[in-house]
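Residues per chain are reported as follows:
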Amino acid sequence: MSTEKTAEPTTLHRGLRSRHIRFIALGSAIGTGLFYGSSEAIQAGGPAVLLAYLIGGAAVFLVLRSLGEMAVNHPCAGSFGEYATRYLGPFAGFSTGWTYAFEMVIVCIADVTALGVYMGFWFPDVPRWIWVLAAIGIIGVLNLFSVKVFGELEFWLSLVKIVAICAMIVGGLAILVFGIGGGEMHVGVSNLWNHGGFFAHGTEGLIMSFAVVMFAFGGTEVIGVTAGEAENPEKTIPSAVNSIPLRIVFFYVLTLAVLMSLNSWQDIGSDGSPFVQIFAGLGIKSAAAVLNVVVIVAALSAINSDIFAAGRIMYGMAERGQAPAVMRRLSRNGVPTMTVAIMIGALLLGVVLNYTMPENIFLIISSIATFATVWVWLMILASQYAARRKMPEQETAELAYKVPFWPYGQIIAMVFMAAVMVLLAFSTETRVALIVGAVWLALLSVVHFLWLRPRSAASGVAEFPMENPVETPAPARD
C-alpha cells in the first residue's frame, strides 16, 4: 500500500496557460446567470438592470484586481482561502475556503437546475431531475482528466458559448435594423423606455436587482484558484484579470440590451432561457433550437469550472490542516479526486431538490449563492487591504501587479458588497439566503473553535500556511 502512495504525485501540475485561465473564468461566469438568471434580474429592475450590471461589473473588477495582486505575489492552490488565513487570521481563512466550496455547490445546483429547464424545450414531459442526474455524472467524469486536458476542454466549451453570444448579438441587431424574422412581437430599441420607462420600477427596482445581478458574476474569482496550476502565473494571471471583467460586462450589457430591444422586458419570463424564448417568439424556430444547445453547453461548462475551483480550494485547505487530509490525495494525473467525488456527492442534493420542489428552487438557491459569493469577495478585498497595510514601502513598490485606486477603491467596494448582503433581507424570496448564510457561518464557527483550534494546538501546526505549499506539499496520509 505504501508503494502505491509513493508512485502518486504529491503536487498539482502546472498545466494551465493564459487562454485556459481566461476561458475557465468565462466558463464559470458566463453561464446560468446570463442565459437563465438574467430574466429574474430583468423582472426586478426593468431596463435599468443594464446599469446594475455595469456597477456590479466595476465592483467585481476591483475584487479581481485585488485577488490578482495577491495571486501574482504568492501563487498557491489555496488562493484566497490561504490569503485570508495569512492576513486576517485562521478563522477568516477557514470560513472563506469552506464558504467558497459551499458557494460552488449551490451555484452548481443552480446550473444543473437550469440545464433541466433547458431540456424541457425538447422533452417537456420528462422529469427535470433525470437530466440533473445525467449532467452530474457527465461532469464528474470530465473533472477526472489531467488539468491540461481539463483546461483545453473548458477552453472549447467556453468558446462555443462566446461565439454563440456574439452571433446572438449580431443576429439580434439584424432583426432590429432590417426586421428579419417573423412573429408578432414588436421589436425596437424603444422597448428600453416605452414600457414604464427605463427605470420601470424606480430606483428601488434598480437596487433590488443587485441581489440577482451579483449572482451572475459569481465564479470569476476562479482566476485566483488557477494560480496554483498556471504555467507562468506572473504573466497569465494579470493577462486574465485585465481581460475578463470588461469582456463579461460587454457580454452581459450588450447582450441584454439587444434582448430587451427584441421584446418588452415584461414578457421575458423564467420558463426556459430568455434567449431561446425570444427567438422562438420571433418565429425563428431553428435559431431557438441552436441557442438551446448553446445554453446547455454553457451550463455544462459553468458546472465544470465550478467543480474544478471548489476541488482546488478544498485541496489547499487540506494542505493547511483546515480540511480532512484525504482531500490532498491526487490521482496519477495530478487531480484531487477525492474533492471531485465530494462535490459530485453534494450535487446529488440538486437531484432531490429538483424532484421535491422544481418550481421554486432557482431563485432560492441563486440567493444563497449570492450571499456566499459576496462573502468570499468581501474576504478577498479585506485580505488584500490587510496585506497592503502590513507591507513595508519597499515591498509595496516591488509589487509586480498593483491594485488600482488604492485604498479608496477597495473601501468603496467593501461597502458595496456589504450593502448587497443587506439587500437580501428586503425580499421574502431572498431573505432565506441570509438565514442560511447565518446558520452556515455559525456552524463554521463551532467547527473551528471546537475542532480545528484544539487540533492545531495539540499537533503544533502553525497558524499560518507555509510559504510555497503548492510546490512542496507533504504526501497524503491515511
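Residues numbered from 1 in each chain as written. Predicted model: local features only at pLDDT ≥ 70, side-chain atom pairs only at ≥ 80, totals over all residues. Heavy atoms only, no water.

Enquirer: Got a sec to walk through the overall build of the protein? Specific residues and values, please.
Expert: Counting its regular elements, the protein contains 20 helices and zero strands. Looking at the 478 residues of the protein, the share that counts as buried comes to 59%. Long-range pairs, those at least 24 residues apart, make up 84% of the contacts in the protein between residues at least 6 apart in sequence. Here the protein has roughly 18200 Å² of accessible surface; of this, 66% comes from carbon and sulfur atoms. (Helix = DSSP H or I, 4+ residues; strand = E, 2+ residues; numbered from the N terminus. Buried < 20%, exposed > 50% of the residue type's maximum accessible area, 1.4 Å probe, protein only. Contact = heavy atoms within 4.5 Å. Areas by Shrake-Rupley, 256 points an atom, 1.4 Å probe, with all protein chains shown as cover.)

Enquirer: Residue-level account of the pattern of salt bridges, with values.
Expert: Inspection of every chain in the model, using the stated rule, returns two salt bridges. A salt bridge links arginine 388 to glutamate 69; the shortest N-O distance between them is 2.6 Å. With a gap of 319 residues between them, arginine 388 in helix α17 (residues 361-390) and glutamate 69 in helix α5 (residues 49-73) connect regions that are remote in the sequence. Residue classification places arginine 388 among the buried residues on the basis of a relative accessible area of 9%. Note that glutamate 82 is salt-bridged to arginine 86, the shortest N-O span being 3.5 Å. In this pair, glutamate 82 and arginine 86 are both assigned in helix α6 (residues 79-88), four residues apart and thus about one turn of the helix distant. Here glutamate 82 and arginine 86 have matching classes, each one buried. (Salt bridge = Lys/Arg side-chain N within 4 Å of Asp/Glu carboxyl O.)

Enquirer: Tell me about the nonpolar core, and name the residues and values.
Expert: Note that soluble globular proteins tend to have their nonpolar side chains buried in a common cluster. Among the nonpolar cores identified, the biggest contains 124 residues, and Tyr53, Trp98, Met214, Met260, Ile307, Trp377 and Met417 are the most heavily contacted of them. Excluding anything up to four places from it in sequence, methionine 260 contacts Ile42, Gly46, Pro47, Val49, Leu50, Asn191, Leu192, Trp265 and Ile268. Membership of the second largest hydrophobic core comes to eight residues, among which are Ala114, Met119, Ala135 and Ile296. (Core = buried A, V, L, I, M, F, W, Y, C linked by side-chain atoms within 4.5 Å.)

Enquirer: Can you explain the confidence of the model for the protein? Please cite residues and give values.
Expert: On average, the protein scores 76 in pLDDT, and the residues at 70 or more come to 77%. Note that pLDDT drops below 50 for residues 1-7; the model gives that stretch five contacts with residues more than four away or on any other chain. Predicted confidence is poor over residues 461-478, with pLDDT under 50, and the contacts of this stretch with residues over four places away or in other chains come to 45 contacts. (pLDDT = per-residue confidence, 0-100.)

Enquirer: Please set out the environment of arginine 388 residue by residue, giving values where relevant.
Expert: In this structure, the C-alpha to C-alpha distance between arginine 388 and glutamate 69, residues 319 residues apart in sequence, is 9.8 Å. In contact with arginine 388, not counting residues within four places along its chain, are Glu69, Thr396, Leu399, Lys402, Val403 and Trp406.

Enquirer: Please give an account of the side chain of threonine 255 that cites residues and values.
Expert: Structurally, threonine 255 can be placed in helix α13 (residues 233-262). Assessed through its relative accessible area of 0%, threonine 255 is described here as buried. Sequence-distant contacts of threonine 255, defined by excluding residues within four places in its chain, comprise Ile165, Met168, Ile169, Phe250 and Phe275.

Enquirer: For the packing of aromatic side chains, give the residues involved together with the corresponding values.
Expert: One pass over the full model with this rule turns up 11 aromatic pairs. Between phenylalanine 80 and tyrosine 100, the aromatic rings sit 4.8 Å apart at their centres with planes inclined by 75°, giving edge-to-face as the arrangement. Taken as a pair, phenylalanine 80 in helix α6 and tyrosine 100 in helix α7 (residues 90-119) lie far apart in primary sequence, 20 residues in all. By relative accessible area, which is 1% here, phenylalanine 80 ends up buried. The class for tyrosine 100 is buried, based on a relative accessible area of 0%. (Phe/Tyr/Trp six-rings, centres within 6.5 Å; stacked < 30°, edge-to-face > 60°.)

Enquirer: Summarise helix α19 (residues 408-423); cite the residues concerned and give the values.
Expert: Its 16 residues place the ends of α19 23 Å apart at the C-alpha level, agreeing with the 22 Å of an ideal helix rising 1.5 Å per residue. Within α19, the full set of buried residues consists of Gly409, Gln410, Ala413, Met414, Phe416, Met417, Val420, Met421 and Leu423. (Expected span 1.5 Å × (residues − 1).)

Enquirer: Can you explain the environment of glutamate 234? Please cite residues and give values.
Expert: Position of glutamate 234 relative to the elements: it lies in helix α13. Since its relative accessible area comes to 47%, glutamate 234 is described here as partly exposed. For the pair glutamate 234 and alanine 400, spaced 166 residues apart in sequence, the C-alpha separation works out to 7.8 Å.

Enquirer: Hey, could you go over a nonpolar patch on the surface for me, with residue numbers and the actual values?
Expert: Nonpolar side chains collect at one region of the surface, where Phe121, Trp122, Phe123, Val126, Ile130 and Val293 lie side by side and expose about 480 Å² of accessible area between them. Tracing the chain through its elements places isoleucine 130 in helix α8 (residues 128-142). By relative accessible area, isoleucine 130 is classed as partly exposed at 36%. (Patch = residues over 30% accessible without salt bridge, like charges linked within 9 Å, V, L, I, M, F, W, Y side chains within 5 Å.)

Enquirer: Report on unusual backbone geometry, specifying residues and quantitative values.
Expert: Peptide bonds are, in most cases, trans, and in most cases residues other than glycine have a negative phi. Proline 407 follows tryptophan 406 through a cis peptide bond whose omega is -5°. As for its placement among the helices and strands, proline 407 is situated in the loop between α18 (393-397) and α19. One non-glycine residue, phenylalanine 405, lies in positive phi territory at about 60°. You can see phenylalanine 405 is positioned in the loop between α18 and α19.

Enquirer: Explain the packing of α6 against α7 to me, using residue names and the numbers behind them.
Expert: At a minimum axis distance of 6 Å, the contact between α6 and α7 shows a crossing angle of 165°. Comparing their axes, α7 and α6 come out roughly antiparallel. In this structure, α6 crosses over α7, and the sense of that crossing is right-handed. Along the contact surface, α6 presents Phe80, Gly81, Ala84, Thr85 and Leu88, while α7 presents Pro90, Ala92, Gly93, Phe94, Thr96, Gly97 and Tyr100. When its residues are assigned to classes, the contact of α6 with α7 shows seven nonpolar, five polar and no charged. (Axes fitted to C-alpha atoms, helices over the stretch in contact; angles between N-to-C directions. Parallel < 35°, antiparallel > 145°, perpendicular 65-115°, else oblique. Left-handed = near helix turned anticlockwise from the far one by under 90°. Nonpolar A, V, L, I, M, F, W, Y, C, P; charged D, E, K, R; others polar.)

Enquirer: Any details on the environment of glutamate 429? Residues and values, ideally.
Expert: Within the secondary structure layout, glutamate 429 lies in the loop between α19 and α20 (431-459). For the pair glutamate 429 and isoleucine 364, spaced 65 residues apart in sequence, the C-alpha separation works out to 6.5 Å.

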